[in-house]
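Chains, contacts and geometry: an overview
One-letter residues, chain by chain:
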Amino acid sequence: MRQSAPPQTFRVKSFGCQMNVYDGERMAELLADKGLRAAPEGEEADLVVLNTCHIREKAAEKVYSDIGRLVKAGNEAGRKPMIAVAGCVAQAEGEEIMARAPDVGLVVGPQAYHRLPEMIERVAKGERAADTDMPADAKFAALPKRRRAGPSAFLTIQEGCDKFCTYCVVPYTRGAEISRPFSDLLREAEILVEAGAREITLLGQNVNAWSEGEIGFDALIKAIARLPDLQRIRYTTSHPNDVTDGLIRAHAEEPKLMPFLHLPVQSGSDRVLKAMNRSHDADGYLRLLDRFRAARPDIALSGDFIVGFPGETEAEFEETLRLVDAVGYAQAFSFKYSPRPGTPAATMDGQVPREVMDERLQRLQAALNRDQLAFNEASVGKRCTVLVERKGKKPGQWLGKSPWLQSVFFEGEATIGDLVEVELAEAGPNSMAGRLLETIAA
Ligand code: 5AD
Ligand code: SF4
């Protein structure tokens, strides 16, 4: 690689889950702290960080095509951006990327991005740099303090996964479960609130596996809820096995904890769940949801589903449809099974043909969309709070979230960060129209 001027401007492009969004924000803060400027929208940046996702599809292929596009745009403009590949593809396929894509200057894994500035310096000197070290403890301590936050902010409290579901790459790309220290999290939450956050979503691959000695996840939620200017707390993603009585009780006891639960189930068939190594069955999952509903009757439920896991029969798929009917999800994510290199399921017998997966996914999504609309329709007439997150498309229109994570549009006097009371007036498949009643907290 040639020597090049150190980059002055940067852009971080995050793909995939909310934890990547959080990491992308922290990378941007780190680069800004070192004197780089975020490139304005529509302008080429000197440094582009592709913060990648490896969970499904041909994620690596997407990275190579993004790299190709950046190089082409650079050539046309007579410049050569520094390209960094971060995130889970970097972790899983770092060496291969370095070998296949000579235009990539550096590769950095999700647990090593605090070292970006030194790596960038090396690349500017004409070297190439790769760092996919795993231990997460060093990263958070090395990152700069958070400075700005929107009304709704993310806070990663836990990383990694020890569950080893047979289809999933996360235990390999994000490593073993680790919990960030309680005192660091309280401090970061406090700083986020000082910086403008009114809602904090606690993040983790298995967020409810968070613990520190005797302190459980529910105690962390309650401690953060004590911050006076914080109005709302959410968390995602939970694992059925890590649900405690305390967490269920927190939904009854802690008014700032929003009535929403994202609890992936993946399948409604016990045989498939076993082959997935999910360590819960369909009935156990349903009983768990009943307990959440007993604690918080209006709780909105969300889940993740995979169709076409190796060996899934039509009858087993129909069990998933039956589970969906039994739950009545407020929203959900559903995916076609995608074989991930290195995972046990990738080499299992009975890989399901693409057309079958397509057809099952369509049927599942039709059921989930029907339930989402039904949930929204059942909300019409309710009064609830909305945290205003941004302006709507029409003048005088605002957009925020209801306690049940529905997007709500309304018109009237408000500003970003306000907590207002609205009456939900009309239901659409993906959003609600609300009528502004009053401002609760500005
Ligand atoms: N194929 C399809 N979906 C997957 N997920 C994880 N791994 C795979 C895979 N190999 C889905 C699961 C998980 C969500 C984050 O992504 O539903 O809960
Ligand atoms: Fe992947 Fe299963 Fe861990 Fe979720 S619980 S991250 S699906 S291995």
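Scroll up to find the structure this text is about.
These numbers come from a predicted model, not from an experiment.

Residue Thr 237 follows Thr 236 across a cis peptide bond; omega there is 0 degrees. Position of Thr 237 relative to the elements: it lies in the loop between β13 (232–236) and α9 (245–253). Phi is positive for Phe 164, which is not a glycine, with a value near 50 degrees. For Phe 164, the location among the structural elements is in the loop between β8 (158–159) and α6 (170–173). Here the phi dihedral of Ser 279 falls at roughly 55 degrees; this positive angle occurs in a residue that is not glycine. For Ser 279, the location among the structural elements is in the loop between α10 (270–275) and α11 (282–295). Ser 279 gets classed as exposed once you look at its relative accessible area, which sits at 51%.

With that settled, the discussion passes to the site of ligand 1. The environment of ligand 1 is made up of Ile 55, Arg 56, Tyr 167, Gln 266, Asp 304, Ile 306, Phe 335, Lys 336, Tyr 337, Ser 338 and Arg 340. Separating an oxygen atom of ligand 1 from a side-chain N or O atom of Arg 56 is a distance of 2.6 Å. Residue Ser 338 places a main-chain N or O atom 2.8 Å away from a nitrogen atom belonging to ligand 1. Taken by itself ligand 1 offers 400 Å² of open surface, and the protein chains cover 87% of this. Looking at the shell around ligand 1 residue by residue, the classes come out as five nonpolar, two polar and four charged.

In this model, the second largest pocket occupies a volume close to 560 Å³. Around the second largest pocket sit 17 residues that line it, and Glu 25, Ala 28, Glu 29, Arg 148 and Ala 149 are the ones nearest its centre. Looking at the lining of the second largest pocket, the element that brings in the most residues is helix α1 (residues 18–33), giving four residues. Its residues assigned to classes, the lining of the second largest pocket comprises nine nonpolar, two polar and six charged.

So, on to the sheet that holds strand β16 (residues 331–336). The parallel open sheet is built from three strands, whose spatial order is β14-β15-β16. With one partner strand each, in any of the chains shown, β14 (260–262) and β16 form the two edges of the open sheet. Here the average twist between neighbouring strands, direction ignored, is 10 degrees. Note: strand β15 (residues 300–307) against β16, six bridges, orientation parallel. Following the sheet pairing, Val 307 is matched in β16 by Lys 336. Its contacts with the sheet place helix α13 (residues 354–379) against β15 and β16, and it is angled at close to 175 degrees to β16.

Turning to its location among the elements, Thr 166 is positioned in the loop between β8 and α6. Of the residues examined, Thr 166 reaches a relative accessible area of 10% and is grouped as buried. Those residues in contact with Thr 166, other than ones at most four positions away along the chain, are Ala 275, Met 276, Asn 277, Phe 309, Thr 343, Pro 344, Ala 345 and Met 348.

Here we come to the packing of α9 against α11. Contact pair α9 / α11: the axes reach a minimum separation of 7 Å and the direction vectors enclose 35 degrees. Residues Asp 245, Leu 247, Ile 248, His 251 and Ala 252 of α9 touch α11, and the partners they reach there are Arg 291, Phe 292 and Ala 295. Class assignment for the residues of the contact of α9 with α11 results in five nonpolar, one polar and two charged.

Applying the stated rule across the entire model yields 39 salt bridges. Of the charged contacts, one joins Arg 115 and Asp 131 as a salt bridge, the two residues approaching to 2.6 Å between their closest N and O atoms. Of the two residues, Arg 115 is situated in the loop between β5 (104–108) and α4 (116–124) and Asp 131 in strand β6 (residues 129–131); the sequence distance between them amounts to 16 residues. The residue Glu 314 makes a salt bridge to Arg 363 at a minimum N-O spacing of 2.8 Å. With Glu 314 in helix α12 (residues 314–327) and Arg 363 in helix α13, this pair connects stretches of sequence that are 49 residues apart. The class of Arg 363 is partly exposed, set by a relative accessible area of 27%. Shared partners join several salt bridges into a network, and the residues in it are Glu 25, Arg 26, Glu 29, Arg 146, Arg 180 and Glu 188.

With that out of the way, let us pick up the pairing of strand β19 (residues 407–411). Pairing between strand β18 (residues 397–401) and β19: five bridges, direction antiparallel. From the neighbouring strand, Gly 400 faces β19, where its bridge partner is Val 408. Hairpin connection between β18 and β19: a loop of five residues separates the two successive antiparallel strands, and Leu 405 in this loop has a positive phi of roughly 70 degrees. Across three bridges, β19 lies against strand β21 (residues 431–441) in parallel orientation. If you follow Phe 409 over to β21, its bridge partner there is Ala 433.

Below, the discussion takes up the sheet that holds β13. The sheet built from three strands is open, its strands ordered β7-β10-β13 with parallel pairing. Edge positions in the sheet fall to β7 (152–156) and β13, since each of these pairs with one other strand and no more. Here the average twist between neighbouring strands, direction ignored, is 25 degrees. Looking at chain direction, β7 and strand β10 (residues 199–203) are connected through five bridges and run parallel. For Thr 156, the partnering residue across the bridge sits in β10 and is Leu 203.

Quick notes on the rules
- Residues numbered from 1 in each chain as written.
- Chains lettered and ligands numbered in written order.
- Predicted model: local features only at pLDDT ≥ 70, side-chain atom pairs only at ≥ 80, totals over all residues.
- Heavy atoms only, no water.
- Helix = DSSP H or I, 4+ residues; strand = E, 2+ residues; numbered from the N terminus.
- Buried < 20%, exposed > 50% of the residue type's maximum accessible area, 1.4 Å probe, protein only.
- Near = heavy atom within 4 Å.
- Polar contact = N/O pair within 3.5 Å; in protein donor to acceptor, adjacent residues only side chain to side chain.
- Areas by Shrake-Rupley, 256 points an atom, 1.4 Å probe, with all protein chains shown as cover.
- Nonpolar A, V, L, I, M, F, W, Y, C, P; charged D, E, K, R; others polar.
- 1 Å grid on protein atoms, 1.4 Å probe; cavity = no way out; pocket = protein on both sides within 12 Å on 5 of 7 lines; lining within 4 Å.
- Points joined across faces, edges and corners; volume = space filled by probe spheres on them.
- Pairing = 2+ DSSP bridges.
- Axes fitted to C-alpha atoms, helices over the stretch in contact; angles between N-to-C directions.
- Contact = heavy atoms within 4.5 Å.
- Salt bridge = Lys/Arg side-chain N within 4 Å of Asp/Glu carboxyl O.

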